[in-house]
Amino acid sequence: MMIVPRIFSFLQFFTLLYLFIVTFASTEEATALLKWKATFLKQNNSLLASWTLSTNACRDWYGVKCLNGRVNMLSITNANVNGTLYDFPFSSLSFLEYVNLSMNQVSGTIPPEISKLTNLVYLDLSVNNLSSSIPKTIGDLTELKILYVYSNQLFGPIPSELGNLKNLTDLRLSHNQLTGSIPITLGDLTELKILYLSSNQLSGPIPSELGNLKNLNELSLCRNHLTSSIPIILGELTELKILYLSSNQLSGPIPSELGNLKNLTELSLSRNQLTSSIPITLGDLTELKILYLSSNQLSGPIPSELGNLKNLTVVSLSRNHLTSSIPITLGDLTELKSLFLSSNQLAGHLPDQLCQGGKLEHLIVANNKLTGPIPSSLRKCSSFKRVRFDNNSFTGNLSEAFGIYPQLYFINLSDNDFHGELNSNWGKCKNLTNLQVARNNISGSIPPEIGNVKGLLGLDLSSNHLIGHIPKEIGDLTSLVKLFVQNNNISGNIPGELRSLTKLESLDLSGNRLNGSIPIFLGDYVHLFQLNLSNNKFGQKIPMEIGRITQLNVLDLSHNHLVGDIPPQLANLKVLVSLNLSHNGLSGRIPEELESLTGLQDVVLSYNELEGPIPYNKAFINASLEGNKGLCGNVTGLQPCERPSSVVTKHSMAKERKLILIIVLHIGSTSTLCFHWCSIYV
Amino acid sequence: MAICFLFHIFLLLLTLANANVEGDALYALRRAVNDPDNVLQSWDPTLVDPCTWFHVTCDSENRVTRLDLGNAKLSGNIVPELGKLERLQYLELYMNNLVGSIPPEIGGLKSLVSLDFYHNNLSGTIPPSLSKLSNLRFLRLNGNRLTGRVPRELTKLANLKIIDVSNNDLCGYIPTSGSFSKFTEESFKNNPRLEGPELMGFVRYDTGGCN
């Protein structure tokens, strides 16, 4: 009977003792955390306001969770923590399994004492300002499964001790300044699923030991200085979904063994020095969605096997030395959104069925040797957003080749052999900001419907056989920044409606048959830095309003029928560097005001009817002046100016007037003095 | 998890943008400014170079030669990354609402012919590093709130034809040697604390009183 109450009180005692110890231990950890919090630079942190001595750390503190009364989880991500880890109570919090301090402003070093957190399973210090090397002692945290220190300013090497973290599944060290080689011991992390080392300054080869990481799903080593070849053994990482090796200095071939990576959805090897052909085994990567091989030295053909990769959405092979035709099979890729093939030596025609899936948005094939007409499937490709066909030898009738593209914002067809006319369809491409069809064989006139494309910024129709007038509707394109129509057969005058194009930065109408006068509203083009109206039939005088285009650097009005004086207002063009008024009928004197244009470098005034002295300005002295009426000056090829009486008189009269004024003032002052003396003596 | 995904995309975008130094430098400007008129809408960092961007002009080797963003309602800072555009000839940022100081890195623009920062809200001093711009012909910093001295180093700019630092808060003396011998007081007017041209041949006490 007496034993039961004894046992009971015994139990009570130990329960109380246990509870006491638990509470006490929790208080010790709480105190330690508060001591660390006190070192923060900003003390009025609202999220951490709950961290006080009077509250229960395990129950009430933000970001703190306990297990059996000991702090087990510390998660204060994106909490405006501005401090260091120097006073972090590593020794007091040995029960911590989960630490997340990401997205704060934690600076300073990662102290080696971090190894005291022996139970740590999850450590996230990412997106902070930590600036140190990764302590070797992190290798002691053998329970660690997840280690994120990306986006800091960590430097020094990746410690080979990280290879001791046998339980690691996810390791992210990206976006730091880590140097040295990738330690081969990382190959011991056989549980690893994710390895991100990108955006550092790692050098040396990709260790073939990484081929041991049989569980790897994602490997990113991009944006480093890695060299040597891609190890063949990477082809054994059959669980790999994502492989990014781009932006390094990798050389050698793309291993055909990469074709074994059956689960691969994204492969990026761009911006390296890879050589040889694209392996046909890449056609086995049936899950592949994204393929980036651009900016390398790959040669040979594009394998037609790529047409097997039905899930492909983005293919980029630009800037290589690829030859032969684009495989017809690429037309089978119904999910294709982006196809980048520019800057290679591809020949032949575009595949027939491109865009048959109706999803193709970006088609960039510029700078190749492609020929033939545009496939009819592209005429109906209403998903087009950005298209570059420039610098090839495409042929065909422009209006038949292209249709209406409601989402198209950029198209460049320049430097090809298209013929036919620009039709009104372009006016229905409501999102178009850039239309370039320069240097083709386009005929007909500029369709007035182009004025419907209100957001057009750049229009280049130069070097074609366009006829007719500049439509007044061009004046509706009030956002226009660049207007190039040079080297066509356009006639008529510049419509007054073009006065609204006040955003123009560069205007070139040269080499046409434009007539009439140079409009005075050009003076409103306050952003214009370049104006070329040369080789036309513009007549009458150069408007003085040209002098209001004060940002003008280049002015070319040569080869026209301009008459009258050069307006002195051109002296307002303070940053003019190049002036060409040659081959006109300009008469009178070169305004002496132009002497002030000290920034001028090239001046061409030849073949006019100009006379009189040249301005005393280096650019005019070195200018092309031949074929004028009576220019004179101290310049080779010109007769010296006789003292033209009017000019000398003007100058000397001014001098004389100045002299008289000085004498009068002087006399005035002495007489005052005289008076003073006189008055004193009186 | 959404953050991880976004970061993933960010990494992918960076892979695409690759080390196109000039595009990255210009994109740094885009990130640093407020652009209410969407003048920089065409500035797509995923393109291999910025040569199809509007208000950017490139040469035949796809290197940036002009940046024309005058009177574009931009506010924010001029980023030091712009100093990496080694073939830039014309840097036109005039008539905006740019603040902060002129980064000394601008002195790295070795091909620069024209530097137009006039009519902004720039403060701080004129960096002496601008003296490295040996091809500079036009320097217009007028209509800002620049302080400090006109660096004497600028007199080394042999090609300088036009300078305008009027309407600022500069102090000290106006250099008169080298290329500055041809400039008049017009280029320096409306700087209430500017003391006037330095007098050559007189002992100069660098009182440091220019504060």
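Q: What exactly am I supposed to notice about the overall build of chain A here?
A: Regarding its fold elements, chain A presents six helices and 46 strands. Here the C-alpha atoms of chain A give a radius of gyration of 39 Å, more than 25% beyond the 26 Å that 2.2 N^0.38 yields for 682 residues. Reported as C-alpha extents along the three principal axes, the dimensions of chain A are approximately 140 × 105 × 45 Å. Residues classed as buried in chain A amount to 52% of the 682 residues present. Considering only residue pairs separated by 6 or more positions, chain A has 47% of its internal contacts joining residues 24 or more positions apart. Accessible surface computed for chain A: about 29,400 Å², of which carbon and sulfur atoms make up 55%.

Q: Even after reading the chapter, I still don't get the overall build of chain B, so can you show me in this structure?
A: Summing up its helical and strand segments, chain B has two helices and 12 strands in all. Sequence-ordered secondary structure for chain B, helices as α and strands as β, is α-α-β-β-β-β-β-β-β-β-β-β-β-β. A buried classification covers 53% of the 211 residues belonging to chain B. Restricting the contact set of chain B to residue pairs at least 6 apart, pairs at least 24 apart contribute 48%. Accessible surface, chain B: about 9,400 Å² in total, of which carbon and sulfur atoms supply 52%.

Q: What is the right way to look at helix α2 (residues 21-32) of chain B in this model?
A: One full turn of an α-helix is made of 3.6 residues, so residues set three or four places apart face in the same direction. Residues and elements named next belong to chain B. End to end, α2 covers 17 Å across 12 residues, agreeing with the expected 16 Å (1.5 Å per residue, within 8%). Three or more residues of α2 are buried, namely Glu22, Gly23, Ala25, Leu26, Ala28 and Leu29. Among the structural elements, β1 (33-34), β2 (56-58), β3 (64-68) and β4 (75-77) are those in contact with the buried residues of α2.

Q: Can you walk me through the interface of chain A and chain B in this structure?
A: Accessible area lost on assembly of the parts is the figure often given for the size of an interface. Counting residues at the interface gives 43 residues for chain A, matched by 34 residues for chain B. Counting the contacts that link chain A with chain B gives zero salt bridges. Applying the counting rule to chain A against chain B returns 10 residue pairs in polar contact (both at pLDDT 80 or more). For the side of chain A that touches chain B, the secondary structure elements donating two or more residues are β15 (242-244), β17 (266-268), β19 (290-292) and β27 (386-388) of chain A. In terms of residue class, the side of chain A that touches chain B is made up of 17 nonpolar, 15 polar and 11 charged.

Q: Just checking my understanding: could you explain the sheet that holds strand β28 (residues 393-397) of chain A for this structure?
A: Adjacent strands of a sheet form backbone hydrogen bonds with each other and so pair up, either parallel or antiparallel. Residues and elements named next belong to chain A. Taking strand neighbours across the sheet as the criterion, the five strands line up as β24-β26-β28-β30-β32 in an open arrangement whose pairing is parallel. The open sheet has two edge strands with one neighbour each: β24 (347-348) and β32 (441-443). Taken together, the three bridges between β28 and strand β30 (residues 417-421) define a ladder with parallel strand orientation. Bridged to Asn397 within β30 is His419.

Q: When you look at unusual backbone geometry in this model, what are you seeing that I'm missing?
A: Among all residues save glycine, negative phi is the norm, and among peptide bonds the norm is trans. A positive phi angle is found at Ser295(A), which is not glycine, with a value near 55 degrees. Since its relative accessible area comes to 16%, Ser295(A) is described here as buried.

Q: Looking at this structure, I do not really get the sheet that holds strand β39 (residues 539-541) of chain A. What am I missing?
A: Residue and element names in this part refer to chain A. With respect to topology, five strands assemble into an open sheet ordered β39-β41-β43-β45-β46, the strand pairing being parallel. Both outer strands of the open sheet, β39 and β46 (630-632), are each paired with one neighbouring strand and no more. Averaged over all pairs of adjacent strands, the angle between strand axes in this sheet comes to 25 degrees, irrespective of strand direction. Taken together, the three bridges between strand β43 (residues 585-589) and strand β45 (residues 609-613) define a ladder with parallel strand orientation. Bridging across to β45, Arg589 finds its partner in Glu611.

Q: Just to check I follow, could you spell out the state of the cysteines for this structure?
A: Each disulfide consists of one covalent bond between the sulfur atoms belonging to two cysteines. In the structure shown here, the tally under the stated rule is four disulfides over all chains. Between the sulfur atoms of Cys632(A) and its disulfide mate Cys641(A) the distance is 2.0 Å. On the sign convention where negative is left-handed, the bridge of Cys632(A) and Cys641(A), at about 95 degrees about the S-S bond, is right-handed. For Cys641(A), a relative accessible area of 29% gives the class partly exposed. Covalently, Cys51(B) is tied to Cys58(B) through a disulfide, its sulfur atoms 2.1 Å apart. Its S-S torsion of about -85 degrees marks the bond between Cys51(B) and Cys58(B) as left-handed, since a negative value means left-handed. Sequential numbering of the bridged cysteines in chain A gives the disulfide pattern 1-2, 3-4, 5-6. For the unlinked cysteine Cys429(A), the closest cysteine sulfur is that of Cys381(A), found at 12 Å.

About the thresholds
- Residues numbered from 1 in each chain as written.
- Chains lettered and ligands numbered in written order.
- Predicted model: local features only at pLDDT ≥ 70, side-chain atom pairs only at ≥ 80, totals over all residues.
- Heavy atoms only, no water.
- Helix = DSSP H or I, 4+ residues; strand = E, 2+ residues; numbered from the N terminus.
- Rg over C-alpha atoms; globule rule 2.2 N^0.38 Å.
- Buried < 20%, exposed > 50% of the residue type's maximum accessible area, 1.4 Å probe, protein only.
- Contact = heavy atoms within 4.5 Å.
- Areas by Shrake-Rupley, 256 points an atom, 1.4 Å probe, with all protein chains shown as cover.
- Expected span 1.5 Å × (residues − 1).
- Salt bridge = Lys/Arg side-chain N within 4 Å of Asp/Glu carboxyl O.
- Polar contact = N/O pair within 3.5 Å; in protein donor to acceptor, adjacent residues only side chain to side chain.
- Nonpolar A, V, L, I, M, F, W, Y, C, P; charged D, E, K, R; others polar.
- Pairing = 2+ DSSP bridges.
- Axes fitted to C-alpha atoms, helices over the stretch in contact; angles between N-to-C directions.
- Disulfide = S-S within 2.5 Å.

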